[in-house]
Amino acid sequence: QVQLVESGGGLVQAGGSLRLSCAASGSIFSIESMGWYRQAPGKQRELVASITSGGSTNYADSVKGRFTISRDNAKNTVYLQMNSLKPEDTAVYYCNADGVVVTTTWGKYRYWGQGTQVTVSS
């Protein structure tokens, strides 16, 4: 079993910064990719940023230049540094771990965190 625990969400004013953290724990052998998705009210869940175990990153166009994703492979932890926040960044942010090989079955799975609320006031 694998669990993803998120932290760092909260309320911030426009132009401010916030740093999200997500730690994966359990019977993990390896994780190919970790990332952050978000879902605003009335909208579909969208990819914000992702990073592979090798450090390759991918960002949504709406956050390029403002957000930075990083990863500590030894700790199975992913971070999202969010700068110059805008009201439209307001959403529930979900941590994701993809291509997770677990030692219990040696299968490969995808896991989601429970989500953390980010609210940006104008």
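Whatever comes next refers back to the structure up there.
Residues numbered from 1 in each chain as written. Predicted model: local features only at pLDDT ≥ 70, side-chain atom pairs only at ≥ 80, totals over all residues. Heavy atoms only, no water.

Here the structure, examined in full by the defined rule, presents 1 disulfide. The disulfide partner of Cys22 is Cys95, and the gap between their sulfur atoms is 2.0 Å. Where Cys22 bonds to Cys95 through sulfur, the torsion about that S-S bond is close to -85°, and the disulfide is left-handed. Of this pair, Cys22 sits in strand E3 (residues 18-26) while Cys95 sits in strand E9 (residues 91-102), and the two are 73 residues apart along the sequence. Each member of the pair, Cys22 as well as Cys95, carries the same accessibility label: buried. (Disulfide = S-S within 2.5 Å. Helix = DSSP H or I, 4+ residues; strand = E, 2+ residues; numbered from the N terminus. Buried < 20%, exposed > 50% of the residue type's maximum accessible area, 1.4 Å probe, protein only.)

A few words now on the pattern of salt bridges. This structure, assessed with the given rule, holds 5 salt bridges. The shortest N-O distance in the salt bridge between Lys108 and Glu32 comes to 3.3 Å. Here Lys108 is found in strand E10 (residues 108-112), whereas its partner Glu32 is found in strand E4 (residues 28-39), with 76 residues between them in sequence. A residue is classified by how much of its surface remains accessible, and Lys108, at 54% relative accessible area, is exposed. For Glu32, a relative accessible area of 42% translates into the label partly exposed. Arg66 is the salt-bridge partner of Asp89, the closest N and O atoms lying 2.8 Å from each other. In this pair, Asp89 sits in the loop between strand E8 (77-82) and E9 while Arg66 sits in the loop between strand E6 (57-59) and strand E7 (67-72), placing the two residues 23 residues apart along the sequence. Like Arg66, Asp89 is buried. Shared partners join several salt bridges into a network, and the residues in it are Arg38, Glu46, Arg66 and Asp89. (Salt bridge = Lys/Arg side-chain N within 4 Å of Asp/Glu carboxyl O.)

Our focus in this paragraph is the environment of Gly113. With respect to the element layout, Gly113 can be found in the loop between E10 and strand E11 (116-121). Residue classification places Gly113 among the buried residues on the basis of a relative accessible area of 9%. Between the C-alpha atoms of Gly113 and Ala91, which are 22 residues apart in sequence, the distance is 14 Å. In contact with Gly113, not counting residues within four places along its chain, are Leu4, Glu6, Tyr94 and Cys95. (Contact = heavy atoms within 4.5 Å.)

A separate point is the nonpolar core. One finds Trp36, Leu80, Met82 and Tyr93 to be the most contacted residues of the largest nonpolar core, which totals 33 residues. Among the elements that make up this core, the one with the highest residue count is E9 (6 residues). Beyond its immediate sequence surroundings of up to four residues, Met82 is in contact with Gly16, Ser17, Leu18, Leu20, Arg66, Phe67, Tyr93 and Val118. (Core = buried A, V, L, I, M, F, W, Y, C linked by side-chain atoms within 4.5 Å.)

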